[in-house]
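Residue strings, one per chain:
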Amino acid sequence: MDMELVKAWAACCMARAEPRPLAHVLLAGPASSGKTALLCRALGAVVPARGAASRVELRDMDITFWEVGASLTEIRGHYKKAHAIAFVVDSAAHGDLAEARDMLWDLLAEAELQDSQLLVLANKQDAPGAKTLEEVGRRLRLQRIRGRRWVLHAASAKQGFGMHESLDWLQDELRGTVARPSDRHRFAASRGGG
């Protein structure tokens, strides 16, 4: 009798367990902006090799982050899969952030990324001399972005702040656009003549 109860409970749990939605996010930014540190410390992910993926389990979905360096050519194969771009900038960097601005606008100009949401992380906000969010936004020319949902958040990989809010924003933005694996399968089956 106890074994039958265990089997029934297990069957009930298995029937309720649905695959979680999986989003793909390009994690980009200039060298030394803190992309790897954000993944490792703030997200608890394993250090990926450049161009490799790190999967993070969040409350409503899983997100695969594709970490890329300063070269956009190494990620072009992942563009079609990207639901969002997480762009990391070193807000304590000397200079006017021209390299970061150029890289960001090159990404935004890619036709395959036109529907991708944009999360900009002003990392190293805890560092002496860090630029304010307003200054980072102005230097990156974020106010010129049209036809795309975006947000700029303060962050510190070293201190671990800013990531919860950023990931909450990503989940909220992606919730309606990322289908569960079972939903994608049902849609494909219904289009296939069934």
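On a predicted model such as this, the values are computed, not experimentally measured, just so you know.

Student: Got a sec to walk through helix α4 (residues 133-140)? Specific residues and values, please.
Tutor: Regarding α4, the residues found buried are Val136, Gly137 and Leu140. For α4, the buried positions fall inside an angular range of 95 degrees around the axis, keeping them on one side. Among the exposed residues of α4, those pointing more than 90 degrees away from its buried face are Glu134 and Arg138. Of the residues trailing α4, Arg141 is marked for its positive phi of about 65 degrees.

Student: Provide a residue-level description of the sheet that holds strand β2 (residues 53-57), including the pertinent values.
Tutor: With respect to topology, six strands assemble into an open sheet ordered β2-β3-β1-β4-β5-β6, the strand pairing being mixed. The sheet terminates laterally at β2 and β6 (150-154), the two strands that pair on one side only. Averaged over neighbouring strand pairs, the angle between their axes works out to 25 degrees when direction is ignored. Packing of helix α5 (residues 163-174) onto the sheet brings it into contact with β1 (22-28), β3 (62-67), β4 (84-90), β5 (117-123) and β6, and relative to β5 it is tilted by some 175 degrees.

Student: Tell me about the environment of Leu170, and please be specific about residues and values.
Tutor: With respect to the helices and strands, Leu170 occurs in helix α5. Relative accessible area serves as the criterion here: at 0%, Leu170 is assigned to the buried category. Leu170 has contacts with Val25, Ile63, Phe65, Ala84 and Leu119, leaving out every residue within four places of it along the chain.

Student: Just give me the short version of the pattern of salt bridges, but keep the residues and values in it.
Tutor: Across all of its chains, the model carries five salt bridges by this definition. Between Asp102 and Arg101 there is a salt bridge, with the nearest N and O atoms lying 3.8 Å from each other. Taking relative accessible area as the criterion, Asp102 reaches 43% and is therefore assigned partly exposed. Glu173 is the partner of Arg149 in a salt bridge, and the nearest nitrogen-oxygen pair spans 2.8 Å. Of this pair, Arg149 sits in the loop between α4 and β6 while Glu173 is found in helix α5, placing the two residues 24 residues apart along the sequence. According to the relative accessible area criterion, Glu173 is buried, its value standing at 15%.

Student: Run through the side chain of Asp90, naming residues and quoting values.
Tutor: Among the structural elements, Asp90 can be located in strand β4. On the basis of relative accessible area, Asp90 is assigned to the buried category, the value being 15%. Of the polar contacts made by the side chain of Asp90, one reaches the side chain of Lys124; its length is 3.2 Å. Ignoring anything within four residues of it in the chain, the contact list for Asp90 reads Ser32, Ser33, Leu97, Asn123 and Lys124.

Student: Please provide a residue-by-residue account of the pairing of β6, values included.
Tutor: Relative to β6, β5 runs parallel, the two sharing five bridges. Following the sheet pairing, Leu118 is matched in β6 by Trp150. Regarding the hand of the β-α-β motif, the stretch spanning β5, α4 and β6 is right-handed.

Conventions adopted
Residues numbered from 1 in each chain as written. Predicted model: local features only at pLDDT ≥ 70, side-chain atom pairs only at ≥ 80, totals over all residues. Heavy atoms only, no water. Buried < 20%, exposed > 50% of the residue type's maximum accessible area, 1.4 Å probe, protein only. Helix = DSSP H or I, 4+ residues; strand = E, 2+ residues; numbered from the N terminus. Arc of directions from axis to C-beta. Pairing = 2+ DSSP bridges. Axes fitted to C-alpha atoms, helices over the stretch in contact; angles between N-to-C directions. Contact = heavy atoms within 4.5 Å. Salt bridge = Lys/Arg side-chain N within 4 Å of Asp/Glu carboxyl O. Polar contact = N/O pair within 3.5 Å; in protein donor to acceptor, adjacent residues only side chain to side chain. Right-handed = clockwise from strand over helix to strand, strands pointing away.

Spatial relationships are all this shows, so hold off on functional conclusions.
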